[in-house]
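# Results of the structural survey
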Amino acid sequence: MHFFGRTPDTLWTLIAAPAIWAIHFLASYVAAAYACAPNADIFRDIGGVRVFIGIATVVSLVLIALFFYRAWRDWRRRTTGGDRGTRQDQEGFLEFATMLLASLSFLGVLLDATPALFIVDCR
Amino acid sequence: MMNREEGATGLDQNDPEVRRGQEERLRKAWAAPAGWRYLSSVNNTEVGLWYVGTAMIFMLFAGVLALGMRVQLAVPENDFLSADLYSQFFTMHGTVMMFLFAIPIFESLSLILLPQLLGSRELPFPRVTAFAFWCFFVGGVFVCGSIFFGAGPKGGWFMYPPLTTQERFTPGYGPDIWLLGLSFIEIAALVAAVELIVGTLKCRAPGMRLNLMPLYAWYVLVVAGMILFAFPPLIAGDILFELERLFGWPFFDPSRGGDPILWQHLFWIFGHPEVYVIFLPAIALLAMVVPTFARRPIVGYSWVVLAAVGTGFISFGLWVHHMYTTGLPAISLGFFTAASEVVAIPTGVQIFVFLATCLAGRVIYSVPMLFAAGALAIFVIGGLTGVMVAMAPFDWQAHDSYFVVAHLHYVLIGGMLFPVVAGIHYYWPMIFGKTLSARAGWYAFWPMFIGFNIAFFPMHFSGLMGMPRRVWTYPEEMGVALPNLISTIGAFIFAAGFLIFVLDAVRPRKNQPYEKRNPWNAGTLEWLAEMPGEAWGVRSVPIIETRYPLWQQPNFIKDVSAGRFYLPDAEEGRRETIITSVLAAEPECVVRVPGPSHVPLVAAVLSGLVFIFATFHWWLLTGATAIAAGAVIIFWLWRGTAEIPEKPTKDVGLGLTLPLYRSGPASVGWWAMFITMFGDLTAFLSFLFGYYYFFTLHADFPPPGTEGPGVFWPSVAAGLFVATWLAVELSKRTNRSGRVTAARLLMAMAAVGALAAAGALLWGPHATGLDPVAHVYPATVWVIVIWVALHAAIGCVMLLYCLARSLAGRMTPDHDKDISNVTLYWHFTGLQALLAVATVSLFPLAV
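Residues numbered from 1 in each chain as written. Chains lettered and ligands numbered in written order. Predicted model: local features only at pLDDT ≥ 70, side-chain atom pairs only at ≥ 80, totals over all residues. Heavy atoms only, no water.

Under an unreviewed UniProt entry, chain B has the name cytochrome-c oxidase and belongs to Citreimonas salinaria. According to the UniProt record, the Pathway (unreviewed entry) comment for chain B reads "Energy metabolism; oxidative phosphorylation." In its Catalytic activity (unreviewed entry) section, UniProt records this for chain B: "4 Fe(II)-[cytochrome c] + O2 + 8 H(+)(in) = 4 Fe(III)-[cytochrome c] + 2 H2O + 4 H(+)(out)". (UniProt positions renumbered as here; feature names shortened; annotations may be inferred.)

See the structure below:
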């Protein structure tokens, strides 16, 4: 349904940010595990993986920020509280919940990237 | 607003005669079978109760085992239990509490509560619910019973290989009973999860948009989704494990290229989300209890949804924190430490939401509130020690010590058992029409709360002093005798408190009068329940406009009870409920849910026997029962599903007419297939994970000189799979367009194609002589192709079933649920086939 030129929200837009977190997490873990396998040479340098994780982190953070912005842009102009049975309320609720989840996911991606900042080899 | 004076047939709902007639018809349609046919009941009100009751009995059993362990550990070098029996005790205690209590109690409570919470008459698949219960019952009795024959599993609740895979370490059937019994129960749990997801998404009362859903339903949605992604890896792991035990396929045997750590990965990919699968529903109960007794709507509804969804996701990024001591690189540990700290945020949010709700409202004392407060106090301590053990350096010190035992019991008893007791106290009148005794609740709470802390707090210290988990005794010189004795005393105080609760629950209450309706003055829909209750769920299916309709919608109870909303009647004597859309809950159709039947019971017993016979290697009986179980299930589907209604539409009242038959995404069956296949795909991806795991970590995967299954036969199989897949899709379309003969021909061709595809896929590794016992590489290839071939064979049976339905006139161009759902099945099977072929034939051998 089209209304006020705003973008409709669904369960998929709600879980987009944490899904990005999940992909970032999995990619970082697999990349590092692959680079260090079979865990025999513990002083092997993992510079390439760290750069990869750095890039993945920036991309993920930008994507999550976009989802946050998309929700916030619509939500800030709302006057409804989100707790009544109208289409407006449903949208407002989904937007606000999306903002919260995006914030959590943003923080999650940042924290999950920190090991790559400090750890330089396969020890 | 609509005129609520008129009922479905334009009758005057104010006329008591009209209402009496409607109520009689509804009562007759929803009546539970009496006498010896009682066990054929499938209604959520009966099955849910059996489910809860059985889970509680298993819980008491596991509790007695725990007391046995505490007696053994009370003094140093005790001989109350032998080492062997002690191992069985702790294995069964953990296993039963996790698999036979914690998960089933959530699913069973949800089965009872969900239809009421959503303003629905019933969940969409009552017979499936009954099937899940009977599977759980059969599997649970089998697993628990083993200990009475001294044959119980004794490898700990996570069954690490090689201790449990090799006969020389663990002789006997113990691990097989664990693996097969629990796989069976896991399947039952998955089945119930599918039911709960479809119920939450499609059975909400009209108008109950996502933002109005009771918080409990949000949690059910998240948790059932987690079960869907968490259980299949364990089932996949169980399959690998059992193939190693039964046939010597060396998945976890390092001497033939296997890797025991793979089991730990698969187990904990299940095992950590599992902790939240247990914890979140308990928090959900608190989210219903706290607003009622704070006398106001919850503060921060969206924040709770954030917490539920956020925890659901992040809980899948924690599994390695159970494996910090397996020698993974520090950077891997770092990722999981970070995620383990992040998950504390949404967890904390929920606790602050409850505190804020209490502060903003006017809290009144009640037993559920008492248990809720106790739960929060205990859980916070467990959460804090969780943040400690989430850090790898601390965990290396505390790993496998009693510190971890203390931590997990603080989390599970605070985060699960206390909220469940609060929930049972709270919902008792909704189910039985009478309250539990407030005095007994008080007398149960304090020994439980104090006893729990006396029992488990000292374990932090005995753990730090060096007491390892899972030892049957300890020497005096270790200096842990005193904390152990204190723990034992505390455990008995705790058990005494719980016993008071149980005695209060089971005592006869003939003379106690029924409560008035909505005895706690709650605001949510489940308190529409009449006292004593009626089996029909809601008298009429209401229109929802607020989060707390009983508080916020005027005249609500009166209008619902007078039948002034949808479906106030059962004109055709059928059990009916309304299906609505996922986001906005707009009415889509009326679904007729099936009534009592013995078929689910028979199907579950037969399926259970398949697993039991396999445990003891009675292969002929296993095969025969498997065929019988399959036949019963097909009979069940044939008689009870996709029924063509006698008229296309039905007037449901308030001027609304809805179709009685919809196929595709508007039907609940399509959703159930979609969700089931997602779980199925997860299991398949777990096998692929195993394949790539071996490839990444082991230089001899595949062993030098192996040519694998080749490229030719797998390519033929891929071609046949694609052709079959296309034929299935085409048959659906031609059938829908009315060319029935062409559709039937395509179904028959696709059925043959499916078998040919399976044959070609299996022929590859056979023709190249891959021996699954020799090395883990051929074993993994075989497991992947067999999995897909099995799917093709089942897909073939489905196509033949559709063909027979079409020939029998039970499937027509306008009524095509069967082929529509089978097509969906084939989308997933086709995808798996292509992934399987790409993996085993191309990667890593051909690229």
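Let us look at the overall build of chain B. Looking only at helices and strands, chain B has 24 helices and four strands in total. In terms of overall size, chain B behaves like a compact globule, its C-alpha atoms giving a radius of gyration of 28 Å where 847 residues would be expected to give roughly 29 Å. Surface summary for chain B: the accessible area is close to 29,000 Å², and the carbon and sulfur share equals 70%. (Helix = DSSP H or I, 4+ residues; strand = E, 2+ residues; numbered from the N terminus. Rg over C-alpha atoms; globule rule 2.2 N^0.38 Å. Areas by Shrake-Rupley, 256 points an atom, 1.4 Å probe, with all protein chains shown as cover.)

Turning to the domain arrangement of chain B, a few remarks are in order. Residues and elements named next belong to chain B. Domains assigned within chain B are domain 1 (42–258 + 566–662) and domain 2 (692–842). The centre of domain 1, based on its C-alpha atoms, is set 27 Å off from the matching centre of domain 2. Across the boundary between the two partners, domain 1 contributes 20 residues, which contact 28 residues of domain 2. Overall, the association of domain 1 and domain 2 removes approximately 1,900 Å² of surface from exposure, summing both partners, and the carbon and sulfur fraction of that is 69%. Ranking the residues of domain 1 by area buried against domain 2 places W249, W638 and Y661 at the top, with a combined share of 35%. Between the two partners, domain 1 and domain 2, sit zero salt bridges. For the side of domain 1 that touches domain 2, the secondary-structure elements that each account for two or more residues are α6 (215–247) and α19 (619–640). Top contributing element to the side of domain 1 that touches domain 2 by residue count: α6, with four residues. (Domains from an automatic or database assignment. Contact = heavy atoms within 4.5 Å. Buried area = accessible area lost by both parts, 1.4 Å probe. Salt bridge = Lys/Arg side-chain N within 4 Å of Asp/Glu carboxyl O.)

In this numbering, the UniProt entry assigns the feature "domain: Cytochrome oxidase subunit I profile" (unreviewed entry) to residues 24–557 of chain B. The straight-line gap between the two end C-alpha atoms of residues 24–557 of chain B is 20 Å; of that span, 66% is helix and 0% is strand.

This paragraph deals with the state of the cysteines. Two cysteines joined by a covalent bond between their sulfur atoms form a disulfide. Summed over the entire model, instances satisfying the criterion amount to one disulfide over all chains. The residue that forms a disulfide with A:C36 is A:C122, at a sulfur-sulfur distance of 2.0 Å. For the disulfide bridge between A:C36 and A:C122, the dihedral angle about the S-S bond is near -85 degrees, and by the sign convention the bridge is left-handed. Of this pair, A:C36 sits in helix α1 (residues 11–36) while A:C122 sits in the segment after α3 (87–118), placing them 86 residues apart in sequence. Each member of the pair, A:C36 together with A:C122, is buried. Not part of a disulfide, B:C144 finds its nearest cysteine sulfur in B:C135, a span of 16 Å. (Disulfide = S-S within 2.5 Å. Buried < 20%, exposed > 50% of the residue type's maximum accessible area, 1.4 Å probe, protein only.)

Residues and elements named next belong to chain B. The sheet contact formed by strand β3 (residues 649–653) and strand β4 (residues 656–659) spans four bridges and is antiparallel. In the sheet register, D651 faces β4, and the bridge partner there is T657. The turn linking β3 back onto β4 is made up of two residues, and L654 within it adopts a positive phi angle of 55 degrees. (Pairing = 2+ DSSP bridges.)

The next subject is the interface of chain A and chain B. Taken together, the contact pairs 44 residues of chain A with 43 residues of chain B. The junction of chain A with chain B conceals about 3,700 Å² of combined surface from both sides, 78% of it contributed by carbon and sulfur atoms. At the junction of chain A with chain B, the criterion picks out zero salt bridges. Applying the counting criterion to the chain A and chain B interface returns six residue pairs in polar contact (both at pLDDT 80 or more). Mapped by element, the contributors of at least two residues to the side of chain A that touches chain B are α1 and α3 of chain A. For the side of chain A that touches chain B, the residue count by class is 29 nonpolar, eight polar and seven charged. (Polar contact = N/O pair within 3.5 Å; in protein donor to acceptor, adjacent residues only side chain to side chain. Nonpolar A, V, L, I, M, F, W, Y, C, P; charged D, E, K, R; others polar.)

Take the packing of aromatic side chains next. Residues and elements named next belong to chain B. A full pass over the atoms with the stated rule returns 91 aromatic pairs over all chains. With centroids separated by 6.3 Å and ring planes inclined at 85 degrees, the aromatic side chains of F142 and F616 adopt a geometry described as edge-to-face. Of this pair, F142 sits in helix α4 (residues 126–145) while F616 sits in the loop between α18 (599–615) and α19, and the two are 474 residues apart along the sequence. Residues F445 and F449 carry aromatic rings whose centres are separated by 5.4 Å and whose planes lie at 15 degrees to one another, so their mutual orientation is stacked. Placement of both F445 and F449 in helix α14 (residues 438–464) is noted, with a separation of four residues, approximately one turn of the helix. Geometry around Y301 places R547 over its ring, the cationic atom sitting 3.6 Å from the centre. Taking the ring centre of Y661 as reference, the NZ or CZ of K817 above it sits at 4.6 Å. (Phe/Tyr/Trp six-rings, centres within 6.5 Å; stacked < 30°, edge-to-face > 60°. Lys NZ or Arg CZ within 6 Å of the ring centre and 35° of its normal.)

Let's shift gears to the pattern of salt bridges. For the structure on display, the rule yields 33 salt bridges over all chains. Across the pair A:R70 and A:D9 runs a salt bridge whose closest N-O atoms are separated by 3.6 Å. Within this pair, whereas A:R70 is found in helix α2 (residues 47–75), its partner A:D9 is found in the segment before α1, the two being separated by 61 residues in sequence. Here B:R245 makes a salt bridge to B:D176, at a shortest N to O gap of 2.9 Å. Here B:D176 lies in helix α5 (residues 174–202) and B:R245 lies in helix α6, a separation of 69 residues in the sequence. The exposure class assigned to B:R245 is buried, which follows from its relative accessible area of 14%. Taken together, the shared-partner salt bridges connect B:E571, B:E572, B:E576, B:R592, B:E646, B:K647 and B:K650 into one network.

Axes are the key here: two packed helices are described by the angle between their axes and the distance separating the axes. Residue and element names in this part refer to chain B. As a packed pair, α5 and helix α20 (residues 668–697) sit with axes 9 Å apart at the nearest point and diverge in direction by 130 degrees. One way to sum up the angle between α5 and α20 is to call them oblique. In this structure, the crossing between α5 and α20 has a hand that is right-handed. Seen from α5, the contacting residues are V194, I197, V198, L201 and K202; seen from α20, they are V668, W671, A672, I675 and T676. Across the contact of α5 with α20, the residue classes break down as eight nonpolar, one polar and one charged. (Axes fitted to C-alpha atoms, helices over the stretch in contact; angles between N-to-C directions. Parallel < 35°, antiparallel > 145°, perpendicular 65-115°, else oblique. Left-handed = near helix turned anticlockwise from the far one by under 90°.)

The next thing to look at is α18(B). Residue and element names in this part refer to chain B. With 17 residues, α18 extends 24 Å from end C-alpha to end C-alpha; this agrees with the ideal 24 Å at 1.5 Å per step. Among the 17 residues that make up α18, 13 are buried, leaving the element largely enclosed by the rest of the structure. Positive phi appears at H617, one or two residues downstream of α18, with a value of about 60 degrees. (Expected span 1.5 Å × (residues − 1).)

Glancing now at the UniProt feature "domain: Heme-copper oxidase subunit III family profile" (unreviewed entry) in chain B. Within this numbering scheme, the UniProt entry marks residues 671–845 of chain B as carrying the feature "domain: Heme-copper oxidase subunit III family profile" (unreviewed entry). From the first C-alpha to the last, residues 671–845 of chain B spans 38 Å; its make-up is 79% helix and 0% strand.

Time to look at the UniProt feature "transmembrane region" (unreviewed entry) in chain A. Residues and elements named next belong to chain A. Listed under "transmembrane region" (unreviewed entry) in the UniProt record, and renumbered for this structure, are residues 12–31, 51–72 and 93–111. Helix makes up 100% of residues 12–31 and strand 0%, and the two end C-alpha atoms of the span are 27 Å apart. Secondary structure across residues 93–111 divides into 100% helix and 0% strand, with the first and last C-alpha atoms of the span separated by 27 Å.

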